[in-house]
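This is what each chain is made of:
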Amino acid sequence: MITSKYNWKNIEKEPDNGFFELTKKEKLTELASQILYSRGVDTAEKLTQFLSTDLSQLHDPYLLHDMDKAVNRIRQAIENYEQILVYGDYDADGMTSASIMKEALEMLGAEAQVYLPNRFTDGYGPNESVYKYFIEQQNVSLIITVDNGVAGHEAIAYAQSQGVDVIVTDHHGLPAELPEAFAIVHPEHPEADYPFKYLAGCGVAFKVACALLESIPTEMLDLVAIGTIADMVSLTDENRIMVKVGLEILKQTERIGLIELIKVSDVDMADVNEETVGFKIAPQLNALGRLDDPNSAVELLTGFDDEEAHNIAKMINAKNEERKEIVQKIFEEAMSMVDLEKPVQILAKEGWHPGVLGIVAGRILEQIAQPVIVLNIEDGLAKGSARSIEAINIFHALDEHRGLFEAFGGHAGAAGLTLVTENLDKLSQVLCDYIAENDIDLSQKKELVIDEVLELSEINLDTVHSLEKLAPFGMDNPKPVFEIKDFVVKQARTMGQNGAHLKLKIAQGTTAIDLVAFNQGHLAQEFQQVQNLFLATTLSINKWNGQTTVQLMLEDARVEGVQLIDIRSKMASLPERVPVLTEDSTANEVVVLDIPDKAEELKSLFVGRHFEAIYFKNHIKRAYYLTGYGTRDQFAKLYKTIYQFPEFDVRYKLKELSQYLNIPDILLIKMIQIFDELDFVTITDGVMVVNKDAQKRSISESQIYQDLKQQVKFQELMALATPQEIYEWLINESDE
């Protein structure tokens, strides 16, 4: 069944002519102007700010808390030839943050080492044993954290106690108590009032670089763009400027590692945009941190050795492919464990790779719209990730039960947790109780803003290009979403590994456009068949075999009215997790599997029921609609044949008689029963004798004959009518 993931909200805010005059000067189309206006860019000043790529508009880095203190200490370390450690993180933001800081330090002649913690052996954030190694073995006397640190109390306290200063540069949520670091540079620090609170870790590192170098190192903005997009922070204010400029620099980057990584991604450098980063570069970098030691990423991003860059790029790409396979395998195993009778899913198993469980939980959440916790079991501990729907703040739901966990942290939509396996049932009960006690409606959905309703004839390459001025798209500046309705699905086919994805060709009048729906391959027949289908899509450009065309990308789909799906073909399989009509009296999505002999039996199952989707398999055990109910000639031929025999053993001779008369045996049995009812024959212990003194009667006088006629008519409807005709007949009170 096609189920919408979101509540759609159509924008009704219309700009006036004055605003169109402003946007005309900027060569923006009416469509682009309407979208900007609806997003609050509704004055000349806001429009100028939104479209600006002026780096002088970036905020003063010294407005950040402790920036002066941090810069002075770093300069002191450089002057005194101190050993400096840049301590990053194992994701794309942490990798780019560390690379930016490394390059800034090296430009000033610093002795800097970089270390990215291993997700599995070091964990997230400052690690005391790692600090101890670098302090004791590498003579490090200054540690600079990037994209981490505000939660690293113990490791930072240890370093400071050893006379090693720690400068924290971070953007993650501030705990109630901050570590006793030498300096904390953070956009949300309560003792400063930095104008923009939503820098990524790489953005904070870049600000330190600007302050250290006393200029804006534009050549680092490609790294800022990657980290900022990857970490899904707000693409407004100075993040927008840095990412917009950074993407242009990325198109012409001289970083051989990035050139190699983009090459193995089969992307043309000229086509690089925020989607290249979000769907290609960032997942590749993150895959390294999820599966292996992330430190080679820094060499990829900052190194100068062509051969090494090529080898690292190939290795990272291979890791990403491996990550995809691992995710798919765990996803399939976890989905088989889902119990939709429960309001939350706690899915735990031995042997699941702990580095990808958050991705798996997110995919399952998207499919079933329930809170999901996916955990790997090892040595009596279950460790993994939670993902939740909008209606449930998963952090709040579990925060009061910290006694259940060995480790726990997170936010409203996601959490990481470790607990002993004995507590798994308690965890499930805690969440079930939380939902019940707070009377939470699990059917609540996130809102999806529909920017405009478009006709297919309005969509072309110019439309796509006109919207590019609003890019880069991301958090707080989403890619415009358009509603498409009143169209026909001309073709639906699956694509990708195991048919995971779906490609449709939809048409409206003389215009036809392709649409791609990721992870919807299992709904191919639904998209092909349902009526009153509405699509929420974004626009993209597809380049293939030298052809450049517009392609729609599915964001969501909804159906008005009941979904009627024809699966009567032998090739069509039964939908997964959909109950059979006769086995579930409450489900709103059912399969009509076996057709009973009597129409009223099937009709009775529809009385008082409301359905959202009905799949018609319509197995007919005895297909009388193929045999008919017997013609006059067939009845005459049968009577004439059996009249010649004093008696006829139906038990053993029926097949021979069927073949001789060329009448299917199921119909022949009915015809004999009709003769018996009309006293044309008598049957005793399987032996049929013709009653030669029988009164002359019409076949139509037989109730069996009349029932058979009705049965044929009923079966013809079930086998040959359209799903809509069948449904209308089923809900109609009369039998006509």
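Above this note sits the structure.
Description of the structure in this document. Predicted model only: the values in this text are computed from it and were never measured.

**Description of the sheet that holds strand E24 (residues 681–684)**
The sheet built from three strands is open, its strands ordered E23-E25-E24 with antiparallel pairing. On the outer flanks of this sheet lie strand E23 (648–649) and E24, each paired with one strand and no other. Direction of pairing for E23 relative to strand E25 (residues 687–690): antiparallel, over a ladder of two bridges. Looking at the pairing, Phe 648 lines up with Met 688 of E25.

**Quick word on the pattern of salt bridges**
Note on pairing: side chains with opposite charge can pair once their charged atoms come close. Under the counting rule described, the total for this entry stands at 30 salt bridges. A salt bridge links Arg 39 to Asp 451, with the nearest nitrogen and oxygen atoms 3.3 Å apart. Here Arg 39, found in the loop between helix H2 (30–38) and helix H3 (44–51), pairs with Asp 451, found in the loop between strand E12 (446–450) and strand E13 (452–453); they are 412 residues apart in sequence, far enough to count as distant. The partly exposed category is assigned to Arg 39, whose relative accessible area is 28%. Residue Asp 451 is classed as buried on the basis of its relative accessible area of 9%. Here Glu 560 makes a salt bridge to Arg 558, at a shortest N to O gap of 3.3 Å. When its relative accessible area of 23% is taken as the criterion, Arg 558 is described as partly exposed.

**Observations regarding the sheet that holds strand E19 (residues 547–559)**
The seven strands lie next to each other as E13-E14-E18-E19-E17-E16-E15, forming an open sheet whose pairing is mixed. Both outer strands of the open sheet, E13 and strand E15 (488–495), are each paired with one neighbouring strand and no more. Note: E13 against strand E14 (residues 482–484), two bridges, orientation parallel. Of the residues in E14, the one forming a bridge with Glu 452 is Phe 482.

**Some points on the side chain of Asp 91**
Within the secondary structure, Asp 91 is located in the loop between strand E2 (83–87) and helix H5 (92–107). For the buried Asp 91, no salt bridge exists, and the shortest N-O distance to an oppositely charged side chain is 7.2 Å, to Arg 119. Separated by 2.8 Å, the side chain of Asp 91 and the backbone nitrogen of Gly 94 make a polar contact. Dropping the residues within four chain positions of it, Asp 91 is found in contact with Asp 147, Asp 231 and Asn 286.

**Some remarks on the pairing of strand E9 (residues 381–387)**
With seven bridges connecting them, strand E8 (residues 372–378) and E9 associate as antiparallel partners. Opposite Leu 375, over in E9, you have Gly 384 as the bridge partner. Hairpin geometry of E8 and E9 is characterised by an intervening segment of two residues between the two adjacent antiparallel strands and by a positive phi of about 55 degrees at Asp 379. For E9 and strand E11 (residues 414–420), the ladder comprises seven bridges, and the chain directions are antiparallel. Its bridge partner lying in E11, Leu 381 is registered against Val 420.

**A word on the packing of helix H11 (residues 256–264) against helix H12 (residues 274–291)**
Two elements in contact, H11 and H12, have axes whose closest approach is 10 Å; the angle formed by their N-to-C orientations is 110 degrees. Of the possible angle classes, the one that applies to H11 and H12 is roughly perpendicular. The residues of H12 that touch H11, namely those facing Leu 261, Ile 262 and Val 264, are Ile 281, Gln 284 and Leu 285. Its residues assigned to classes, the contact of H11 with H12 comprises five nonpolar, one polar and no charged.

**Side note on unusual backbone geometry**
For the bond running from Ala 471 to Pro 472, omega is 5 degrees, close enough to zero to count as cis. Turning to its location among the elements, Pro 472 is positioned in the loop between helix H18 (461–467) and E14. Phi is positive for Lys 27, which is not a glycine, with a value near 60 degrees. With respect to the element layout, Lys 27 can be found in the loop between helix H1 (17–25) and H2. Positive phi, close to 55 degrees, is recorded for Asp 379, a residue that is not glycine. Its location among the elements puts Asp 379 in the loop between E8 and E9. Taking relative accessible area as the criterion, Asp 379 reaches 76% and is therefore assigned exposed.

Conventions and cut-offs
Residues numbered from 1 in each chain as written. Predicted model: local features only at pLDDT ≥ 70, side-chain atom pairs only at ≥ 80, totals over all residues. Heavy atoms only, no water. Pairing = 2+ DSSP bridges. Helix = DSSP H or I, 4+ residues; strand = E, 2+ residues; numbered from the N terminus. Salt bridge = Lys/Arg side-chain N within 4 Å of Asp/Glu carboxyl O. Buried < 20%, exposed > 50% of the residue type's maximum accessible area, 1.4 Å probe, protein only. Lys, Arg positive; Asp, Glu negative; His and termini not counted. Polar contact = N/O pair within 3.5 Å; in protein donor to acceptor, adjacent residues only side chain to side chain. Contact = heavy atoms within 4.5 Å. Axes fitted to C-alpha atoms, helices over the stretch in contact; angles between N-to-C directions. Parallel < 35°, antiparallel > 145°, perpendicular 65-115°, else oblique. Nonpolar A, V, L, I, M, F, W, Y, C, P; charged D, E, K, R; others polar.

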